[in-house]
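Residue-level structural notes
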Amino acid sequence: MTKKFFKNVFALITLSILVLALTACGNDNSSEDKGKTSSIDAIKERGKVRIAVFSDKPPFGYIDENGKNQGYDILLAKRIAKDLLGDESKVEFILTEAQNRVDVLKSDKVDITLANFTVTPERSEQVDFANPYMKVAIGVASPKKAAISDIQQLDGKKLLINKGTTAETYFAKNYADIEQVKYDQNTETFEALKDGRGAALAHDNTLLYAWVKENPDYVVDIKSIGDLDYIAPAVKKGNKELLDWLNEELETLGKEQFFHKAFDEVLRPVYGENVQADDVVVEGKSK
Amino acid sequence: MLNSGINVLFEGINMQRLLMGLLVTARVAVFSIIIGCTLGTIIGVIRTSKSKIIKMVFRIYLELFRIIPILVWLFVFYFVLPADFNINLDAEIVSIIVFSLWGAAEMSDIVRGALISLPKHQVESGKAIGLNTIQLYWYILIPQSLKRTLPSAINLATRMIKTTALLVMIGVIEVVKVGQQIIEHANLKNPTASFWVYGFIFFLYFIMCYPLSKLSQRLERKWAS
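Criteria and cut-off values
- Residues numbered from 1 in each chain as written.
- Chains lettered and ligands numbered in written order.
- Predicted model: local features only at pLDDT ≥ 70, side-chain atom pairs only at ≥ 80, totals over all residues.
- Heavy atoms only, no water.
- UniProt positions renumbered as here; feature names shortened; annotations may be inferred.
- Helix = DSSP H or I, 4+ residues; strand = E, 2+ residues; numbered from the N terminus.
- Rg over C-alpha atoms; globule rule 2.2 N^0.38 Å.
- Buried < 20%, exposed > 50% of the residue type's maximum accessible area, 1.4 Å probe, protein only.
- Contact = heavy atoms within 4.5 Å.
- Buried area = accessible area lost by both parts, 1.4 Å probe.
- Salt bridge = Lys/Arg side-chain N within 4 Å of Asp/Glu carboxyl O.
- Polar contact = N/O pair within 3.5 Å; in protein donor to acceptor, adjacent residues only side chain to side chain.
- Axes fitted to C-alpha atoms, helices over the stretch in contact; angles between N-to-C directions.
- Parallel < 35°, antiparallel > 145°, perpendicular 65-115°, else oblique.
- Left-handed = near helix turned anticlockwise from the far one by under 90°.
- Nonpolar A, V, L, I, M, F, W, Y, C, P; charged D, E, K, R; others polar.
- Pairing = 2+ DSSP bridges.

The name recorded for chain B in an unreviewed UniProt entry is Amino acid ABC transporter permease, from Viridibacillus soli. UniProt annotates chain B under Sequence similarities (unreviewed entry) with the comment "Belongs to the binding-protein-dependent transport system permease family."

As annotated in an unreviewed UniProt entry, chain A is Cysteine ABC transporter substrate-binding protein from Viridibacillus soli.

**Side note on the overall build of chain B**
Across its full length, chain B carries eight helices and zero strands. Moving toward the C terminus, one meets the helices and strands of chain B in the order α-α-α-α-α-α-α-α. Relative to the compact-globule value of 17 Å for 225 residues, chain B shows a C-alpha radius of gyration of 22 Å, a clear excess of over 25%. On the principal axes, the C-alpha backbone points of chain B span a range of 75 × 50 × 25 Å. In chain B, which comprises 225 residues, the share counted as buried stands at 48%.

**Considering the interface of chain A and chain B**
Each partner contributes to the interface: chain A provides 43 residues, whereas chain B provides 36 residues. Summed over both partners, the interface of chain A with chain B buries about 3400 Å², with 59% contributed by carbon and sulfur atoms. Across the salt bridge formed by Lys177(B) and Asp56(A), the nearest N and O atoms sit 2.8 Å from each other. Where chain A touches chain B, the interface holds twelve residue pairs in polar contact (both at pLDDT 80 or more). When contributions to the side of chain A that touches chain B are tallied by element, the ones reaching two or more residues are helix H1 (2-26), helix H2 (29-33), strand S3 (61-63), helix H5 (101-106), helix H8 (186-194) and helix H9 (205-214) of chain A. Here the side of chain A that touches chain B gets eight residues from one element, more than from any other, and that element is H1(A).

**Some details on the side chain of Thr166(A)**
Residues and elements named next belong to chain A. Along the polypeptide, Thr-166 turns up in helix H7 (residues 166-174). The buried category is assigned to Thr-166, whose relative accessible area is 9%. The residues contacting Thr-166, other than those within four sequence positions of it, are Thr-118, Thr-120, Arg-123, Ile-138, Asp-204 and Asp-229.

**A closer look at the UniProt feature "domain: Solute-binding protein family 3/N-terminal" (unreviewed entry) in chain A**
The UniProt entry lists residues 48-270 of chain A under the feature "domain: Solute-binding protein family 3/N-terminal" (unreviewed entry), expressed in the numbering used here. The span residues 48-270 of chain A shows a helical share of 36% and a strand share of 30%, and its end C-alpha atoms are spaced 30 Å apart.

**A short note on the packing of helix H1 (residues 14-46) of chain B against helix H8 (residues 193-224) of chain B**
All names here are of chain B. Orientation of H1 relative to H8, taken along the N-to-C sense of each, is 40°, at an axis distance of 11 Å. Taken together, the axes of H1 and H8 lie oblique to each other. In this structure, the crossing between H1 and H8 has a hand that is right-handed. The residues of H8 that touch H1, namely those facing Met-15, Leu-18, Leu-19, Leu-22, Thr-25 and Ala-26, are Phe-200, Ile-201, Leu-204, Tyr-205 and Met-208. Residue composition of the contact of H1 with H8, by class: ten nonpolar, one polar and no charged.

**What about unusual backbone geometry?**
All names here are of chain A. In the segment running from Pro-58 into Pro-59, the intervening peptide bond is cis, with an omega of 5°. The phi dihedral of Asp-108 falls on the positive side, at around 60°, and the residue is not glycine. Position of Asp-108 among the secondary structure elements: in the loop between H5 and strand S6 (112-113). Despite not being glycine, Gln-257 shows a phi value in the positive range, around 55°. Looking at the secondary structure, you find Gln-257 in the loop between helix H10 (240-255) and helix H11 (258-271). The exposure class assigned to Gln-257 is partly exposed, which follows from its relative accessible area of 38%.

**Overview of the sheet that holds strand S2 (residues 56-57) of chain A**
Residue and element names in this part refer to chain A. Taking strand neighbours across the sheet as the criterion, the three strands line up as S2-S3-S4 in an open arrangement whose pairing is antiparallel. Each edge of the open sheet carries a strand with a single partner, namely S2 and strand S4 (69-70). Both S2 and S3 contribute to a ladder of two bridges, which runs antiparallel. From the neighbouring strand, Asp-56 faces S3, where its bridge partner is Tyr-62.

**What about the UniProt feature "transmembrane region" (unreviewed entry) in chain B?**
Residue and element names in this part refer to chain B. Here, the residues flagged by UniProt with the feature "transmembrane region" (unreviewed entry) are residues 20-46, 58-81, 93-111, 164-183 and 195-213. In residues 93-111, helix accounts for 100% and strand for 0%; the two terminal C-alpha atoms are 26 Å from one another. Counting secondary structure, residues 195-213 comes out at 100% helix and 0% strand; the distance between its end C-alpha atoms is 26 Å.

Put into structure tokens, the structure is as follows:
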């Protein structure tokens with residue numbers, strides 16, 4: 001009975017895929033449309049540039065108590081809207097989660113992803129990254145009372161990780177023997193550390209600096225492991241027009257030290273004096 | 001110290017944002033429950049049919065929604081369809097579609113179970129007084145089976161309300177996500193914010209789900225007499 005049942009399920013799935021494929025052929029503009037919904041002309045015609053940002057990751061992208069988007073990524077997003085469409089209010093923020101950043105581009109939900117998006121080889125196969133505007137490494141935060149200053153100390157302990165981050169890939173590849181507890185959302189991961197559900201938390205070091213400054217019971221005793229990574233805006237694979245425009249824009253912004261100013265405005269108050277602008281900021285030049 | 005976190009709820013327009021989030025949650029839940037239960041009742045009746053093909057098709061539909069996690073369905077409808085087939089739907093519409101299909105699948109099984117649990121003489125007496133099939137279902141079987149479906153249907157409805165917390169994964173900003181935004185923003189200055197915000201969200205879910213339980217109790221009592 002079960003064998004027959006699975007056969008039936010399989011047949012139905014095949015059938016539904018076929019039906020979907022047929023309906024998709026029905027509106028045959030699908031192939032033409034690829035990349036076009038986010039072409040510069042299309043954006044100008046729409047009068048709004050759609051940018052994927054975070055809504056709960058201060059200081060990069062968050063929402064303040066008045067319901068307004070704020071943060072380092074948001075400053076750049078508004079500037080892009082101003083230079084592309086002439087007004088910084090002509091940006092539509094699409095709020096996204098870490099693990100959806102590739103998908104929102106692939107499925108044409110947004111034109112640009114500006115969500116603290118670290119450049120990795122795997123991601124580069126799926127989206128096109130522009131020049132970087134920040135650099136980051138993986139750090140490990142732990143309680144002051146039981147500070148973790150070396151990876152070896154994590155043997156037999158639980159490490160908390162956010163799904164879809166570079167920390168997840170790094171630890172899965174290099175330290176698979178450390179027990180890793182993974183969460184979907186930042187909030188949950190940091191809550192878990194506070195609740196003692198793990199000995200330490202691995203994440204981008206910039207995010208950790210900001211967090212420990214406000215949670216003085218915790219320290220970032222492993223400041224940088226793995227390679228230095230870059231954070232860059234991303235567009236849909238193959239959207240060369242928008243990519244070229246972004247690169248040019250980032251270089252122009254670099255010349256006027258836009259990102260140092262942005263650092264002073266939104267990052268310095270959060271990181272405190274432990275972090276210098278040159279530690280995290282890249283002025284829009286290609287690597 | 002612990003009390004200071006409660007202020008977060010009243011800072012700026014935070015309260016308004018939470019209630020707007022609740023509205024999104026309620027909107028998706030209410031539409032899905034209405035569509036799901038109506039569709040589910042119809043499918044449930046169809047599934048009592050003797051035809052093997054009809055039985056099998058709906059059985060597969062039910063099993064697909066039971067076996068495959070709702071999250072996967074949301075991703076398929078929100079990300080896979082647009083990327084591969086150029087069908088672009090608003091996140092909230094996708095949520096209502098997926099939740100309705102899920103609700104209908106589960107509801108159909110509840111209704112089918114209730115229908116076949118009715119004593120056989122009900123069908124036979126109905127036929128004996130000359131009712132046709134539609135009349136038989138409409139006047140005799142459905143009213144009686146609805147009573148039996150009530151507890152499971154309410155259970156399903158509250159489950160659907162609570163599962164809306166998944167919607168954030170496809171970018172629907174519902175009440176839990178608004179809560180997380182508020183917590184993340186306030187956390188730096190106010191580490192106890194999470195306790196109060198989640199506490200408040202718990203209260204909001206409670207006032208959505210509890211009336212349903214009460215309603216079901218009252219209906220059961222009323223129908224019992």
